[in-house]
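# Structural overview
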Amino acid sequence: NAGVTQTPKFRVLKTGQSMTLLCAQDMNHEYMYWYRQDPGMGLRLIHYSVGEGTTAKGEVPDGYNVSRLKKQNFLLGLESAAPSQTSVYFCASSYSEELPPYEQYFGPGTRLTVT
Amino acid sequence: GESVGLHLPTLSVQEGDNSIINCAYSNSASDYFIWYKQESGKGPQFIIDIRSNMDKRQGQRVTVLLNKTVKHLSLQIAATQPGDSAVYFCAETPSNAGNNRKLIWGLGTSLAVNP
């Protein structure tokens, strides 16, 4: 099992450009998440999905969109990148939010710089 | 060595010593807690979890202690090794969040192991 994979690993964008980050998991998990991680601020939830075809806003959704067309994939889009979106982005998945364990499995991250 | 949760985010210990990383969680309704380890350049990785009906749980070289009275969680690492150098996050999930529980993340404590 590859677990959770993310592409690309690194990306540099100019302000106003768009891009899509791809997350894939092979554990047949229902739940998937996108987080951003900034120094001193821990992990902040951007958007999440409780199943194929569903998405919901997290703590910091502005400037991002997501789609979950297939159960194994969760895409994070930036329509018009801003320097404030410079961050490390992590995708995670979990088996359940209704019964323990509530463990989330993380991908290796995407380091995005917006100039 | 001992840290005091979110107020002292860096802990430095000598190789071979025991480490204690503390976390003051926020929600008295939380009934499930997880410790994650994040090595530089990688995604967070599950270490150990504990449910609120337990005070202590042991894993391989790690022990988690839960004190619900003061809403305090600690991670003890025995015989700390250089490979333990990482940022450690505690996460909680409250029982009053309905059927879909999200993890609430702490800001993390950086552990540096000196050879």
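Structure: above.
Here is a short report on the structure shown in this document.

Conventions adopted
Residues numbered from 1 in each chain as written. Chains lettered and ligands numbered in written order. Predicted model: local features only at pLDDT ≥ 70, side-chain atom pairs only at ≥ 80, totals over all residues. Heavy atoms only, no water. Salt bridge = Lys/Arg side-chain N within 4 Å of Asp/Glu carboxyl O. Helix = DSSP H or I, 4+ residues; strand = E, 2+ residues; numbered from the N terminus. Buried < 20%, exposed > 50% of the residue type's maximum accessible area, 1.4 Å probe, protein only. Pairing = 2+ DSSP bridges. Axes fitted to C-alpha atoms, helices over the stretch in contact; angles between N-to-C directions. Contact = heavy atoms within 4.5 Å. Buried area = accessible area lost by both parts, 1.4 Å probe. Nonpolar A, V, L, I, M, F, W, Y, C, P; charged D, E, K, R; others polar.

A complete count under the given rule lists six salt bridges over all chains for this structure. When the shortest N-O distance is used, the salt bridge between aspartate 38 of chain A and arginine 36 of chain A registers 2.9 Å. Taking the shortest distance from any N to any O, the salt bridge between aspartate 55 of chain B and lysine 68 of chain B comes out at 3.4 Å. In this pair, aspartate 55 of chain B is assigned in the loop between strand 4 (45-51) and strand 5 (56-58) and lysine 68 of chain B in the loop between strand 6 (62-67) and strand 7 (72-77), connecting sequence segments 13 residues apart. The class of aspartate 55 of chain B is exposed, set by a relative accessible area of 52%.

Moving on: the sheet that holds strand 7 of chain B. Residue and element names in this part refer to chain B. Pairing within the open sheet is antiparallel, and its four strands lie in the order 2-7-6-5. Either end of the sheet is taken by a strand with one partner, and the two such strands are strand 2 (19-24) and strand 5. The average angle at which neighbouring strand axes cross in this sheet is 15°, direction not considered. When strand 6 meets strand 7, the two strands line up antiparallel, connected through six bridges. Along strand 7, the bridge assignment pairs leucine 65 with serine 74.

On to the interface of chain B and chain A, then. At the interface, 21 residues of chain B touch 22 residues of chain A. A buried area of about 1,700 Å², summed over both sides, lies between chain B and chain A, and 58% of it is on carbon and sulfur atoms. Where chain B meets chain A, there are zero salt bridges. Considering every element that reaches the side of chain B that touches chain A, the biggest residue donor is strand 3 (residues 30-38) of chain B, with four residues. Here the residues of the side of chain B that touches chain A sort into nine nonpolar, seven polar and five charged.

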